[in-house]
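Per-entry structural report
Chain by chain, the residues:
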Amino acid sequence: MGKVFFVADVHLGLDVASPRKREEDFTAFLRSLPEDTEALYLLGDIWDFWYEYRDVVPRGYVRLLGALADLTDRGVKVSFFQGNHDVWTYSYFRDEIGMIPLDQPFIVNIGGKNFCIGHGDGLGPGDRGYKFLRALFHNKVAQSLFSMLHPWVAFRFGNAWSRHNRLARGASYVFKGKEEPVYKFANAFGTMNGGIDYYVFGHYHCQTRMPVESGGELFILGDWIHTRNYLWFEEGSGMKSGYFQNKE
């Protein structure tokens, strides 16, 4: 089998740390994936805000979307998860680009290893306030009501919300290890299901690799605001971490 890549938290469109350069770098990364790439998993928050109507999608990202389409055209399986920022993705990525929508936690066997993957938000115990908000964002009725807003209003609301989040304020987050809900999720999931070799998530923006007590390893990807981090797996070589440097 070929190589499999994992990326999360690019936050395209977020007006911090040279957003145009971040988009150019991510596009260059997609175009640099080797010929033996079998799959690419986009683990959410690739866009800082994305909302598509039936007949309207966000402006911009033409070269980036073209790079994704080129990957699917050459046979690479490109899958994506909704993050907490790009929740409102519906049929455009699937129908126009050929990407595969997935829901977390998603279990897949890659090269003889069992993976549990997703964005990582809302997994594990606690944080009821966030889980309520997440359920509201995913609610079909709420989405239909929001779709009644004119795109001019909707996108300004969404972009204003993005500008006031933690990332826009430059606040960092310290991963709490075994106290994190996502670790507790992985440990409980492994206890009940067993046989998971790798748990791979984004969301926390804290590059992490740690063993899970019930078995396997937990990987948290770093973001593309600061590190341009990605993970890749190849049968016989295991999981490896990389940092993209645009040489163009």
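For the structure, check the block above.
Since the model is a prediction, treat every value here as computed from it, not as a measurement.

Digging into the pairing of strand 11 (residues 238–243)
Summarising the sheet, strand 10 (residues 229–234) and strand 11 pair through six bridges and their orientation is antiparallel. The residue of strand 11 that forms the bridge with Glu 234 is Gly 238.

Brief notes about the pattern of salt bridges
In this structure the tally under the stated criterion is seven salt bridges. We note a salt bridge from Asp 25 to Arg 228, for which the minimum N-O separation is 3.0 Å. On the criterion of sequence distance, the pair formed by Asp 25 in helix 1 (residues 19–32) and Arg 228 in the loop between strand 9 (217–220) and strand 10 is long-range, its members being 203 residues apart. Residue Arg 228 is classed as buried on the basis of its relative accessible area, which comes to 12%. In this structure, the salt-bridge partner of Arg 94 is Asp 95, at a minimum N-O distance of 2.8 Å. Judged by its relative accessible area of 43%, Arg 94 is partly exposed. Each member of the salt-bridge network shares a partner with another, and the members are Lys 3, Asp 36 and Glu 234.

Comments concerning the nonpolar core
Phe 26, Phe 29, Leu 40, Leu 42, Trp 47 and Leu 68 are the most contacted members of the largest nonpolar core, which totals 31 residues. Of all the secondary structure elements, the ones that give two or more residues to this core are strand 1 (3–7), helix 1, strand 2 (37–42), helix 2 (62–73), strand 3 (77–81), helix 3 (92–97) and strand 10. The greatest single-element share of this core, amounting to six residues, is contributed by helix 2. For Phe 26, the contacting residues outside a window of four places in its chain are Val 7, Val 10, Leu 12, Leu 42, Ile 46, Leu 64 and Trp 224. Counting residues in hydrophobic clusters, the runner-up holds 19 residues, among them Phe 6, Tyr 41, Phe 219 and Leu 231.

Scoring rules and cut-offs
- Residues numbered from 1 in each chain as written.
- Predicted model: local features only at pLDDT ≥ 70, side-chain atom pairs only at ≥ 80, totals over all residues.
- Heavy atoms only, no water.
- Pairing = 2+ DSSP bridges.
- Helix = DSSP H or I, 4+ residues; strand = E, 2+ residues; numbered from the N terminus.
- Salt bridge = Lys/Arg side-chain N within 4 Å of Asp/Glu carboxyl O.
- Buried < 20%, exposed > 50% of the residue type's maximum accessible area, 1.4 Å probe, protein only.
- Core = buried A, V, L, I, M, F, W, Y, C linked by side-chain atoms within 4.5 Å.
- Contact = heavy atoms within 4.5 Å.

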